[in-house]
Amino acid sequence: MEEYAICSDNISFSYADKPVIKNLSLRVRPGGHIGILGGSGCGKSTLLKILAGLYAPDQGSLLLAGRRSPEEIRTQTALVMQRSSLFPLSIRDNITCGHAFPEEKIWAACENAGLAHWIRQLPTGLDTPVGERGNQVSGGQAQRIQIARALCKDAPVILLDEPVSALDQDTGLFVLDALRRLTEGRTVVHVTHHRETLDDSYRVYRMEKGGLIDA
Ligand SMILES: Nc1ncnc2c1ncn2[C@@H]1O[C@H](COP(=O)(O)OP(=O)(O)OP(=O)(O)O)[C@@H](O)[C@H]1O
Ligand SMILES: [Mg+2]
């Protein structure tokens, strides 16, 4: 097994001429849990998109689950963001992203994400559309659909971008429960404004001036 699931050395990234990530280094062992706090606009989501293989760093090196190219890194990571990241398709398509997963696998993911009971009650079940930006499902359901997507993908590295910040407290607790089933045994980077959503398994950093410091 690789020594590190995430190994980034001095990575930097700019939008046009606006530097956001500056000489950032991060090492996370397989199964390690990292929390990242930090003010709005400091670059947390940008860092997650780099770790997800959506953007390539301008400088520095990133090795994730032994992969270097963004295309390969994308196969090793699952990103859970806010509801607006749902596609205007069915619940099923949002979970499978077009992969032909066996029906049992999809339902097992729905059970673990806490979605199965609700989906069984829908007249069109898994084929129910979620609407533009997920506006036909609740915030908690939208988050659980993304968790089911990540469970089906079965990627070793899970990237969470404020997955419960838009939810009321009770709904947030249910979603955190589903997240625990997703993150157990996997490498996790969890960006949040609420430190209390990170349990003792997390090593917590603060993002400042484009880098990470212990929080
Ligand atoms: N696609 C983009 N093009 C240009 N600038 C961008 C883009 N996305 C983000 N930025 C800028 O980069 C900086 C970092 O944005 P980012 O979304 O990573 O911050 P964040 O820490 O996630 O903030 P928040 O806590 O509000 O989600 C901000 O100044 C933002 O305006
Ligand atoms: Mg953000």
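As shown above, the structure is provided for reference.
Attention in this report is confined to the structure presented alongside it. Source: prediction; values computed, not measured.

Rules used in this analysis
- Residues numbered from 1 in each chain as written.
- Chains lettered and ligands numbered in written order.
- Predicted model: local features only at pLDDT ≥ 70, side-chain atom pairs only at ≥ 80, totals over all residues.
- Heavy atoms only, no water.
- Near = heavy atom within 4 Å.
- Polar contact = N/O pair within 3.5 Å; in protein donor to acceptor, adjacent residues only side chain to side chain.
- Helix = DSSP H or I, 4+ residues; strand = E, 2+ residues; numbered from the N terminus.
- 1 Å grid on protein atoms, 1.4 Å probe; cavity = no way out; pocket = protein on both sides within 12 Å on 5 of 7 lines; lining within 4 Å.
- Points joined across faces, edges and corners; volume = space filled by probe spheres on them.
- Nonpolar A, V, L, I, M, F, W, Y, C, P; charged D, E, K, R; others polar.
- Expected span 1.5 Å × (residues − 1).
- Pairing = 2+ DSSP bridges.
- Axes fitted to C-alpha atoms, helices over the stretch in contact; angles between N-to-C directions.
- Contact = heavy atoms within 4.5 Å.
- Phe/Tyr/Trp six-rings, centres within 6.5 Å; stacked < 30°, edge-to-face > 60°.
- Buried < 20%, exposed > 50% of the residue type's maximum accessible area, 1.4 Å probe, protein only.

Turning our attention to the site of ligand 1. Taken together, 13 residues lie around ligand 1, and Ser 40, Gly 41, Lys 44, Ser 45 and Thr 46 are the ones closest in. Contact between ligand 1 and Gly 41: an oxygen atom at 2.8 Å from a main-chain N or O atom of the residue. A distance of 3.3 Å separates an oxygen atom of ligand 1 from a polar side-chain atom of His 193. Mapped by element, the contributors of at least two residues to the shell around ligand 1 are strand 2 (18-28) and helix 1 (44-51). Top element by residues in the shell around ligand 1 is helix 1. It accounts for three residues.

So, on to the environment of Asn 135. Within the element layout of this structure, Asn 135 appears in the loop between helix 5 (116-121) and helix 6 (139-153). Spatially, the C-alpha atoms of Asn 135 and Gly 43 are 27 Å apart, while their sequence positions differ by 92 residues.

Moving on to the layout of surface pockets. Taken as a whole, the largest pocket encloses approximately 410 Å³ of empty space. Forming the walls of the largest pocket are 19 residues, and the residues nearest its centre are Thr 77, Ala 78, Leu 79, Arg 149 and Lys 153. Mapped onto the lining of the largest pocket, the elements with two or more residues apiece are strand 5 (77-80), helix 3 (91-96) and helix 6. Split into classes, the residues belonging to the lining of the largest pocket amount to 11 nonpolar, five polar and three charged. As a volume, the second largest pocket reaches approximately 220 Å³. Taken together, Val 164, Ser 165, Leu 167, Asp 168, Gln 169, Gly 172, Leu 173, Leu 176, His 194, Glu 196 and Thr 197 make up the lining of the second largest pocket.

With phi around 45°, Asn 23 is a residue other than glycine that occupies positive phi space. Along the chain, Asn 23 falls in strand 2. Positioned with a positive phi, Glu 162 is a non-glycine residue whose angle comes to about 45°. With respect to the helices and strands, the residue Glu 162 is situated in the loop between strand 6 (157-161) and helix 7 (169-183).

At 3.6 residues per turn, the α-helix brings residues three or four places apart onto the same side. Helix length check: helix 7 (15 residues) gives 20 Å between terminal C-alpha atoms against 21 Å at 1.5 Å per residue, within 8%. For helix 7, the side-chain oxygen to backbone nitrogen distance between the N-cap and Asp 170 is 3.1 Å, and the N-cap itself is Asp 168. Positive backbone phi, approximately 80°, marks Gly 185, located one or two places after helix 7.

Read from one edge to the other, the open sheet built from three strands follows the order 2-1-4, with strand pairing classed as antiparallel. Unpaired on one side and paired on the other, strand 2 and strand 4 (59-64) mark the two borders of the sheet. With strand direction ignored, the average angle separating the axes of adjacent strands in the sheet is 25°. In this structure, strand 1 (residues 6-15) lies alongside strand 4, joined through five bridges in antiparallel fashion. Its bridge partner lying in strand 4, Ser 12 is registered against Gln 59. Taken strand by strand, helix 1 contacts strand 1, strand 2 and strand 4, and its axis lies near 120° from that of strand 1.

It is worth spelling out the packing of aromatic side chains at this point. Going through the model one piece at a time under the given rule, you end up with three aromatic pairs. Ring geometry for Phe 13 and Tyr 15: centres 5.1 Å apart, planes at 90°, overall edge-to-face. Ring centres 5.9 Å apart and planes at 90° place the aromatic pair Tyr 15 and Tyr 55 in the edge-to-face group. Here Tyr 55 lies in the loop between helix 1 and strand 4 and Tyr 15 lies in strand 1, a separation of 40 residues in the sequence. Tyr 15 gets classed as partly exposed once you look at its relative accessible area, which sits at 32%. Ring pairing ties together the aromatic residues Phe 13, Tyr 15 and Tyr 55, which thus form one cluster.

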